[in-house]
Amino acid sequence: MQEANSNEESSMENTQSRKLMSQLDAQGYFVGPVWADASPLDEPGHFLIPGGAIDREPPSPVEPERLYRPEGDAGWISVEDFRHRAFYQTRNGEAYGLGEASKGQRYDGIGPIPNWLTFEPRPNAWSVWNGSAWTLDDALFSLEITRRRSEEKREKLLSAGLMIAPLLDAFSLGIATQEELNLLDMWKRYRVELSRVDPADHEAGWPDTPG
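Residues numbered from 1 in each chain as written. Predicted model: local features only at pLDDT ≥ 70, side-chain atom pairs only at ≥ 80, totals over all residues. Heavy atoms only, no water.

### A word on the overall build of the protein
A tally of helices and strands in the protein yields three helices and 11 strands. Written out in order from the N terminus, the α and β elements of the protein read α-β-β-β-β-β-β-β-β-β-β-β-α-α. Expected size for 211 residues packed as a compact globule is a radius of gyration near 17 Å; at 37 Å, the protein overshoots this value by more than 25%. Each of the three principal axes of the protein carries a C-alpha extent, and together these read 115 × 40 × 30 Å. (Helix = DSSP H or I, 4+ residues; strand = E, 2+ residues; numbered from the N terminus. Rg over C-alpha atoms; globule rule 2.2 N^0.38 Å.)

Okay, here's the thing in structure tokens:
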């Protein structure tokens, strides 16, 4: 029992020789708790405050993605802290680096997220920001389909040309077999039909490739 009382007195003595304070960063935001030792001089109630700290109990509770800075004589005010998050610009979907200038605007990740930024990456090139989410833009999507069909048509025409070239050589040299002449006719017809396909007509099908 005597030993328990001794431990309690020792604990109280250690507590009185230190005081819990709040460490702030260069911007004045709470970083964490810090202990201040009592002044070595005979000055009861005086403590050696560490650099960057203030004589104020830490905020409680400390919530994630929040920053705390002193307010008034004893309180704290909190703001959003998104400095560890990735951001995307709502006007074009490009990634945004915190603090960078974009159309004359900047955001450092502290405080409310401006309406020109979002956490959500742009899912594709034909989506636009509607103020709260990325949504499909029919006009952009149609252009993308047309672009893809144009590329597919170009590749098909290139392949047809590669098939036709040796058959034409055989015909020009007068050594083409009947089977080669038939193939040449089919591939030439195929290429003509292929050239008539409008990539902007998304319902138009492709002609069958010659066997």
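### Looking at the side chain of arginine 56
Looking at the element boundaries, arginine 56 is found in the loop between strand E4 (53-54) and strand E5 (66-71). Here arginine 56 sits buried without a salt bridge, and the closest side chain of opposite charge, aspartate 73, lies 5.7 Å off (N-O distance). A polar side-chain atom of arginine 56 sits 3.5 Å from the main-chain carbonyl oxygen of glutamate 71. Within polar-contact distance, the side chain of arginine 56 engages the backbone oxygen of glycine 72 at 2.9 Å. When near neighbours in sequence (up to four residues on either side) are disregarded, arginine 56 contacts Leu20, Met21, Ser22, Pro70, Glu71, Gly72, Asp73, Ala74, Gly75 and Trp76. (Buried < 20%, exposed > 50% of the residue type's maximum accessible area, 1.4 Å probe, protein only. Lys, Arg positive; Asp, Glu negative; His and termini not counted. Salt bridge = Lys/Arg side-chain N within 4 Å of Asp/Glu carboxyl O. Polar contact = N/O pair within 3.5 Å; in protein donor to acceptor, adjacent residues only side chain to side chain. Contact = heavy atoms within 4.5 Å.)

### Describing helix H2 (residues 138-172)
Between the first and last C-alpha of H2 there are 49 Å, a value that for 35 residues agrees with the 51 Å anticipated at 1.5 Å per step. The largest bend in H2 amounts to roughly 25° and is located at isoleucine 164, with the proline proline 166 lying one to four residues further along. Taken together, the buried positions of H2 are Glu144, Thr146, Arg149, Lys153, Ala160, Ile164, Leu167 and Ala170. Against helix H3 (178-195) lie the buried residues of H2. At the N-terminal boundary of H2, the capping side chain belongs to aspartate 137, with an oxygen 3.1 Å from the backbone nitrogen of alanine 139. Looking one or two residues past H2, glycine 174 carries a phi angle of roughly 70°, positive in sign. (Expected span 1.5 Å × (residues − 1). Bend = angle between axes of the 7 residues up to and from the residue.)

### Focus on the side chain of aspartate 81
Along the polypeptide, aspartate 81 turns up in the loop between strand E6 (75-80) and strand E7 (87-89). Given the relative accessible area of 13%, aspartate 81 is considered buried. Looking at aspartate 81, its side chain comes within polar contact range of the side chain of arginine 83, at 2.8 Å. Those residues in contact with aspartate 81 that lie beyond four places of it in its chain are Glu65, Arg66, Leu67 and Gly109.

### Describing the packing of aromatic side chains
What characterises a pair of aromatic rings is the spacing of the ring centres plus the angle enclosed by the ring planes. Inspection of the entire model under this criterion finds eight aromatic pairs. Judged by centre distance (5.6 Å) and plane angle (70°), the ring pair of phenylalanine 30 and tryptophan 76 falls under edge-to-face. Of this pair, phenylalanine 30 sits in strand E2 (residues 30-38) while tryptophan 76 sits in strand E6, and the two are 46 residues apart along the sequence. Tryptophan 76 carries the same exposure label as phenylalanine 30, and that label is buried. Measuring from centroid to centroid gives 5.4 Å for tryptophan 187 and tyrosine 190, while their planes differ by 90°, and the two rings are edge-to-face. You can see tryptophan 187 and its partner tyrosine 190 sitting in helix H3, three residues apart, about one turn around the helix. Ring-pair connections join several aromatic residues into one group, and the members of that group are Phe82, Phe87, Tyr107 and Phe119. (Phe/Tyr/Trp six-rings, centres within 6.5 Å; stacked < 30°, edge-to-face > 60°.)

### Thoughts on the sheet that holds E4
In spatial order, the strands read E3-E2-E1-E4; together these four strands make up an open sheet with antiparallel pairing. In this open sheet, the two strands that pair with only one neighbour each are strand E3 (47-48) and E4. In terms of strand pairing, strand E1 (residues 18-24) meets E4 through two bridges, oriented antiparallel. Following the sheet pairing, glutamine 23 is matched in E4 by alanine 53. (Pairing = 2+ DSSP bridges.)

### Remarks on the environment of leucine 41
Within the fold, leucine 41 resides in the loop between E2 and E3. The exposure class assigned to leucine 41 is exposed, which follows from its relative accessible area of 55%. Along the chain, leucine 41 and arginine 191 lie 150 residues apart, while their C-alpha atoms are 98 Å from each other.

### Comments concerning the pairing of E6
In this structure, E5 lies alongside E6, joined through six bridges in antiparallel fashion. In the sheet register, glutamate 71 faces E6, and the bridge partner there is glycine 75. Turn length for the E5-E6 hairpin, with the two strands adjacent in sequence and antiparallel, is three residues, and the turn residue glycine 72 shows positive phi of about 65°.

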